[in-house]
Amino acid sequence: MKILIYLLLFISPSLFAQVKGTVTDENGEGIIGANVVVKGSNVGTITDLTGTFTVDASGDATLIISYMGYKTQEIKVANQKTIKIILQEDTEILDEVVVVGYGVMRKSDLTGSVGSVKSDVLKKQAVSSFDQGLQGKVAGVQVTAVSGSPGGAVDIRIRGGNSLTSGSQPLYVIDGYPVTAGSSAGGSGAGQNPLATLNPGDIESMEILKDASATAIYGSRGANGVVLISTKRGKSGKTTVSYDGYVGFQKVAKKLDMMNASEWGALANEGAANDGRPAYYTNTSTNPLYPAISDLGQGTDWQDEILRSSAPIHNHNVTINGGSENTKFSIMASYFDQESIVKNQDFNRVSFRNNIDTKLSSRIDLSTSFTASRVTSNVGRENGDGGGNTSIINAALVLPPTVPVFDPTTGEYVRMNYITGSSTVPNPVPYVTFLQDNGTIDRVLGSADLSIRFIEGLTLKISVGADLSSALREVYEPKQTNTGYNANGIASQQNRRNQSLSNENVLTYLKKTGIHSINAMVGTSALSIQSKSSSMTARDFISDVYGYNNLDAGAQWDKPSTGRDKNTLLSGFGRINYVLKDRYLFTVTGRADGSSKFGANNKWAFFPSAAFAWRMDQEAFMKQVDWISSLKLRASYGVTGNQNISSYSSVEKMNTYVYPIGGVTNVGIAAGNMPNPDLKWETTAISDIGVDFGFLNNRFNFVADYYYKKTTDLLWNISVPLTTGFGSVLKNIGSLENKGLELSLSADVLTGDFKWNTSINWSTNKNKVLEIPGYIPTQQGTISGHLKVNGSWLEPGLPVGVWNLLKTTGVMRTQEERDKAARVTSTTFDQVGDMSFYDKNGDGKISFGEDRTIVGDPNPDFIFGWTNNFSYKNFDLSVYINGSYGNDIYNVLRAETNIVSTWGNQRKEVNDHWTPTNTNAKYPRAHVLVNQNLLQSDFLIEDGSFLRIQNLTLGYNVPKCPFVKSLRVYATGQNLLTITNYSGYNPEVNSQGQSNLQLGVDYNAYPASKSFILGVNIGF
């Protein structure tokens, strides 16, 4: 026996030896914590901080190397003493994991409808906020510009609008913390988009939850869909430093072709003659403000006066990533600056992010996320803060080209009536030269998650967070501006402070046994939101030197205003995901919400959902179908809610009223609304049927969803008898529906040296109001008071936002056509050459109340997005196209620039108007007065369909560049080409903000811009 032992000890060194090696990724970075196991044994180890390992193995052994997210490799030792192993990313595994509400899940186990946008998509666009980058990326998500100004807000609708009066914007959840577009200090505080405080470069991925199976876990806030945002986090390994930046410029994408001075002067004289008035411009004029008609020439191009020929834009991000097996970190600092194509307007953001993940022990993990940002902007007057007449866009289009910028007699800025109309339009040049309209938003968003693993599969996650923001808007209109001249200087300050505090506690249990797999979760949530606001205004300044910095310098003060708001939300929720035989998937979700916003009798509500999916590709009868890679059928039903209304809407609020008694101003207090203790959530029930289909080894993937949404208990102000002391009360009444189809296709069309990947999404949504008991159909609001242009028409059985107006039937070109046409009230506009209208009731007379009809619908027939990515060796090219079809636009600007009237300057195309020698003209004859029937007709409705090359990027990866790990340079063109019949600046527009009722309105909208940038991505 001793001889045998001695023999084994002698020969063992030749059988077993220490094998050393390194495990790296494709970039040469060491992988920490990779498993290295000797095949067929229990001998193994893990790599250290530099990716190296040492293991005892025989010369003919095989090593198995594995790491999450990478393909497992088997390497034969073959008597090697040192081995270098390079692991390749397993893209299929990486893509399987997606973020869902309160957790992550394998994509193959999803039962709901979830879209995804990765960080590389956002990097290719020069956008100031991430919500702008969502446009056209996910089926069923419609993104419309509210303002084209830098940092301006957008309107996002996921599967249509679900409400008439409540908010229709989705819920945003950033690293698990819930925020809304209105929860930050935006709006009146700074006139900007509060979501623009988050740097798009910080984002790793965005998941868009669309059906009830995905959104019901958010209960009363999930009806409008949910956007989950995950920011970039650290990875273990060597510390890496990267820089991403670009510089470029923007140009106006389209100028409107307006009349020059000679053309407009001739039109003004023609209109005066048609209306029996003397000519405005003659060759005998001695007034320098009314030049001789022969001297008019080109005149003033007001668009050129307010627009920049080129506006710079640049963005810089520095990221530091790294960490050990126990602690990982990601730090980013960024700077973004964009000047507007409109003079005296800009947007600037400085942000800092720090994400840290720490393993406190084998069972306890701590993750923290911290983001701080400051946004500053010069807001300007592009959208007419004081009404249509104060918009510099409106003024630049409406002011006649015969008006000079400076008064030739005084040398001062022209400040006058615009010659032939009854309204006044300010000279816009002083506004883009002297107006001070500055906004600042400071925001801090922080959260901490403590995860405790009690036993295998059972984890408690405790999360706390805070969203703190402060907004300030400071305005001074000096005496050079029209408003400042009339007020002898006017200054104002608006402040808003928001505080949002959250706590969530989630217990998760994961277990897989044989053919059964369960993922169960239960949790509680508490959210408190508070805000404070104040506003003050002073006028009559002895000097402009103080600006908005010293309101005490004003001799007169307006009454100050202050406000305070608070609401809370308490919730309990749970979800069970059960998988049987890896092919039958079940999801059941429930959430109970209690909100302070609603009535005493309806504080709480319950929102359930259930879903089922069948992975047919896992069935035995499908295994023989080689070309089918994956096939999953999905079905879900659930209920979500909408609580996006003002706080205190259910209770009686006391308002202050000012009234004079004996020449003395007194202040009184009285009830301001009728309380409703039964007020509750709007409820949206969502049904969804979908299919996920992959074929040819998932080289091609197709997703289709059909959905039906019905919203009941609509919040609506119902008229009540005036004897109650009020005109209306907010109640839950009525219903509406949305139904639609979504299709998505992605494909690796070409592989090899030349690669082509394409993805396209297409979606349609049909919206309809079902009922509003006791409501009499009527027009909703007014778009322009001075133009007397009313808002949309609301009627059960019709889509939301349609327009009910007179219908034009063409120009009355001859006396015979005039005799056959129905008569209008004003004989001034009832002559040959004027416009005729459709006589709906056939009484021979045109009456707006009786002859109007539905003439337009802002809801598109369908929307789409198409992305193509090409690469050849070190070159890459991406082309992104998006569009909309079948949507109408209410182009209110035509009410001023296309009515063949000297109301203001006209579009050059109006030169083709009716005259005795041009009877086949497009437009009616000229007038000085305004034809109000035209302003209340489909004359203002245009087709808004468009196809746009939104983004084109060409890049080159520099090989073997010294001193750096990676280097990519690229050039990008944005908004390069738009194909449309729409005559305005931009067919993708809604200047009425995020209104549910006023959709597709273009009134003094911001001009679109195209961008050209050069960028670089450097890794160290």
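Not measured: the values here are computed from a predicted model.

1. Re the overall build of the chain
Point 1. A tally of helices and strands in the chain yields 13 helices and 54 strands.
Point 2. Computed over its C-alpha atoms, the radius of gyration of the chain comes to 33 Å, within 12% of the 31 Å expected for a compact globule of 1020 residues.
Point 3. With respect to the three principal axes, the spread of C-alpha positions in the chain is 130 × 65 × 65 Å.
Point 4. Contacts spanning at least 24 positions in sequence make up 69% of the contacts within the chain whose residues lie at least 6 apart.
Point 5. For the chain, the accessible surface area stands at approximately 43600 Å², while carbon and sulfur atoms represent 57% of it.

2. Here's the deal with the pattern of salt bridges
Point 1. Applying the stated rule across the entire model yields 40 salt bridges.
Point 2. Taking the shortest distance from any N to any O, the salt bridge between arginine 818 and aspartate 819 comes out at 3.9 Å.
Point 3. Its relative accessible area of 18% is what places arginine 818 among the buried residues.
Point 4. Salt-bridge contacts for arginine 925 lead to aspartate 834; the nearest nitrogen and oxygen are separated by 3.0 Å.

3. A short note on the confidence of the model for the chain
In regions of low pLDDT, the predicted coordinates are not meant to be interpreted in detail.
Point 1. Residue-level pLDDT values for the chain average 86, and 93% of them are 70 or greater.
Point 2. Note that residues 183-191 has pLDDT below 50 and, in this model, 37 contacts with residues that lie over four places away or in other chains.
Point 3. Overall, residues 418-423 carries pLDDT values under 50, and its contacts beyond four positions in sequence, including any with other chains, amount to 22 contacts.

4. Looking at the side chain of serine 58
Point 1. Mapped onto the secondary structure, serine 58 falls in strand E4 (residues 52-58).
Point 2. A polar contact of 2.8 Å, which involves the side chain of serine 58, links it to the side chain of aspartate 60.

5. A word on the environment of lysine 118
Point 1. With respect to the helices and strands, the residue lysine 118 is situated in strand E10 (residues 114-118).
Point 2. Classification of lysine 118 by relative accessible area gives partly exposed; the value is 35%.
Point 3. Between the alpha carbons of lysine 118 and glutamate 204 there is a distance of 6.2 Å; along the sequence they are 86 residues apart.
Point 4. Every residue in contact with lysine 118, bar those within four places of it in the chain, is listed here: Glu204, Ser205 and Glu207.

6. Details of helix H5 (residues 261-274)
Point 1. Its 14 residues place the ends of H5 20 Å apart at the C-alpha level, agreeing with the 20 Å of an ideal helix rising 1.5 Å per residue.
Point 2. Within the span of H5, buried status applies to Ala261, Trp264, Gly265, Leu267, Ala268, Asn269, Gly271 and Ala272.

7. A short note on the pairing of strand E25 (residues 516-541)
Point 1. Sheet topology note: the strand E24 (residues 490-513)/E25 ladder contains 24 bridges and is antiparallel. Paired with threonine 513 across the strands is histidine 516, a residue of E25.
Point 2. From the end of E24 to the start of E25, which pair antiparallel, there are two residues, and glycine 514 there has a positive phi angle of about 60°.
Point 3. The pairing of E25 with strand E27 (residues 561-580) spans 20 bridges and is antiparallel. Directly across from serine 533, in E27, lies its bridge partner glycine 563.

8. Notes on the environment of threonine 972
Point 1. When you line up the elements, threonine 972 lands in strand E52 (residues 966-980).
Point 2. Note: C-alpha distance between threonine 972 and methionine 812 (160 residues apart in sequence) is 50 Å.
Point 3. One polar contact links threonine 972 to threonine 953, side chain to side chain, over a distance of 2.9 Å.

9. Thoughts on the sheet that holds strand E53 (residues 1001-1002)
Point 1. Strand order in the open sheet formed by three strands is E50-E49-E53, and the pairing between neighbours is mixed. Every other strand in the sheet has two partners, leaving strand E50 (941-943) and E53 as the edge strands with one partner each.

10. Considering the packing of aromatic side chains
Point 1. Under the defined criterion, the tally for this structure stands at 25 aromatic pairs.
Point 2. Geometrically, the ring pair formed by tyrosine 476 and phenylalanine 541 is edge-to-face, given 5.4 Å between the ring centres and 85° between the ring planes. Residue tyrosine 476 is located in strand E23 (residues 458-477), and its partner phenylalanine 541 is located in strand E25; the two are separated by 65 residues in the primary sequence. Neither residue differs from the other here; tyrosine 476 and phenylalanine 541 are each classed as buried.
Point 3. Clustering of aromatic rings is evident, with ring pairs tying together Trp627, Phe693, Phe695 and Phe700.

11. Some words on the nonpolar core
Point 1. Grouped together as the largest cluster of nonpolar side chains are 43 residues, with contacts concentrated most on Ile783, Leu787, Val789, Phe837, Tyr890, Val892 and Phe939.
Point 2. For this core, the elements supplying multiple residues, two or more each, are H5, strand E43 (803-805), strand E45 (835-837) and helix H13 (932-935).
Point 3. The greatest single-element share of this core, amounting to five residues, is contributed by H5.
Point 4. In contact with valine 892, not counting residues within four places along its chain, are Ile783, Leu787, Val789, Val1001, Asp1002 and Tyr1003.

12. A short note on the sheet that holds strand E3 (residues 44-46)
Whenever strands of a sheet pair, they do so through backbone hydrogen bonds, lying parallel or antiparallel.
Point 1. Reading across the sheet, the four strands line up as E3-E2-E5-E6 and stay open at both edges, with antiparallel pairing between neighbours. The open sheet is flanked by E3 and strand E6 (73-76), the only strands paired with a single partner. Across the sheet, the mean angle from the axis of one strand to that of its neighbour is 20°, orientation sign disregarded.
Point 2. Alignment of strand E2 (residues 35-38) against E3, held across three bridges, turns out to be antiparallel. Note that in E3 the partner of valine 37 across the bridge is glycine 44.

13. Let's talk about a nonpolar patch on the surface
Point 1. Together, Phe352, Phe370, Val444, Leu468 and Leu501 make up a nonpolar patch on the protein surface, roughly 380 Å² of accessible area in all.
Point 2. With respect to the helices and strands, the residue phenylalanine 370 is situated in strand E21 (residues 364-378).
Point 3. Taking the relative accessible area as the measure of exposure, phenylalanine 370 reaches 36% and is therefore partly exposed.

14. Observations regarding the side chain of aspartate 617
Point 1. Among the structural elements, aspartate 617 can be located in the loop between strand E29 (604-615) and strand E30 (628-642).
Point 2. The residues touching aspartate 617, leaving out its near neighbours within four places in the chain, are Met622, Lys623, Ser629, Ser630 and Leu631.

15. Regarding unusual backbone geometry
Glycine aside, negative phi is the norm for most residues, and most peptide bonds take the trans geometry.
Point 1. For aspartate 713, which is not glycine, the phi torsion reads 55° and is therefore positive.
Point 2. Topologically, aspartate 713 is positioned in the loop between strand E34 (700-712) and strand E35 (715-719).
Point 3. Since its relative accessible area comes to 25%, aspartate 713 is described here as partly exposed.
Point 4. Its identity is not glycine, yet asparagine 1004 carries a phi of approximately 60°, on the positive side.
Point 5. Note that asparagine 1004 resides in the loop between E53 and strand E54 (1009-1019).

16. Side note on the environment of asparagine 35
Point 1. Among the structural elements, asparagine 35 can be located in strand E2.
Point 2. Looking at asparagine 35, the relative accessible area reads 36%, which means it is partly exposed.
Point 3. Distance from asparagine 35 to phenylalanine 53, taken between C-alpha atoms, is 9.5 Å for residues 18 residues apart in sequence.
Point 4. If near-sequence neighbours (up to four positions away) are discounted, asparagine 35 is found in contact with Thr45, Ile46, Ile64, Ile65 and Ser66.

17. Focus on the pairing of strand E16 (residues 226-231)
Point 1. Extensive coverage of E16 is indicated by the burial of six of its six residues.
Point 2. Neither face of E16 is left uncovered, since the one carrying Val226, Leu228 and Ser230 and the one carrying Val227, Ile229 and Thr231 both have all their residues buried.
Point 3. Of the strand pairs in this sheet, strand E13 (residues 171-174) and E16 are connected by four bridges, and their pairing is parallel. Paired with leucine 171 across the two strands is valine 226, which belongs to E16.
Point 4. Sheet analysis places strand E15 (residues 203-209) next to E16, joined by six bridges and oriented antiparallel. The partner of methionine 206 across the bridge, within E16, is isoleucine 229.

Rules behind the numbers
- Chains are numbered independently. Their residues run from 1 in the order of the written sequence.
- Two thresholds apply to this predicted model, a pLDDT of at least 70 for residue-level local features and 80 or more for giving and counting side-chain atom pairs, whereas whole-chain, interface and lining totals are computed over all residues.
- Where side-chain values are given, they derive from all heavy atoms of the structure, hydrogens and water being excluded.
- Counting from the N terminus, the helices are the DSSP runs of H or I reaching at least four residues and the strands are the DSSP runs of E reaching at least two.
- Each radius of gyration reported is based on C-alpha atoms, and the globular scaling rule is 2.2 Å times the count of residues to the power 0.38.
- Residue contacts are counted whenever heavy atoms from the two residues lie within 4.5 Å of one another.
- Only the protein chains shown count as cover for residues, with accessible areas throughout obtained via the Shrake-Rupley method and a probe of 1.4 Å.
- A pairing counts as a salt bridge when a side-chain nitrogen of Lys or Arg comes within 4 Å of a carboxyl oxygen of Asp or Glu.
- Per-residue accessibility, obtained with a 1.4 Å probe over protein chains only, is compared with the maximum for each type, and a residue is labelled buried under 20%, exposed over 50%, and partly exposed between these values.
- Scored from 0 to 100, pLDDT reflects the predictor's confidence in each residue.
- A 3.5 Å cut-off defines polar contacts: any pair of N or O atoms within that distance qualifies, except that in protein one atom must be a possible hydrogen donor and the other a possible acceptor, and neighbouring residues in sequence count only when both atoms are side-chain atoms.
- Helix span, as expected, comes to 1.5 Å for every residue beyond the first.
- Strand pairing follows a simple DSSP-based rule, namely that at least 2 bridges must link the two strands.
- Pairing of aromatic rings covers Phe, Tyr and Trp, the last counted by its six-membered ring, and requires centre-to-centre distances within 6.5 Å; plane angles under 30 degrees mean stacked, over 60 mean edge-to-face, and any other angle means tilted.
- For our purposes a nonpolar core is just a set of buried Ala, Val, Leu, Ile, Met, Phe, Trp, Tyr and Cys residues, chained together by side-chain atoms within 4.5 Å.
- In this description, a line fitted to the C-alpha atoms serves as the axis of each element, helices being fitted only across the stretch in contact, and the angle between N-to-C directions of two axes falls anywhere from 0 to 180 degrees.
- Nonpolar side chains (Val, Leu, Ile, Met, Phe, Trp, Tyr) within 5 Å and like charges within 9 Å form the patches, drawn only from residues with over 30% relative accessible area and no salt bridge.

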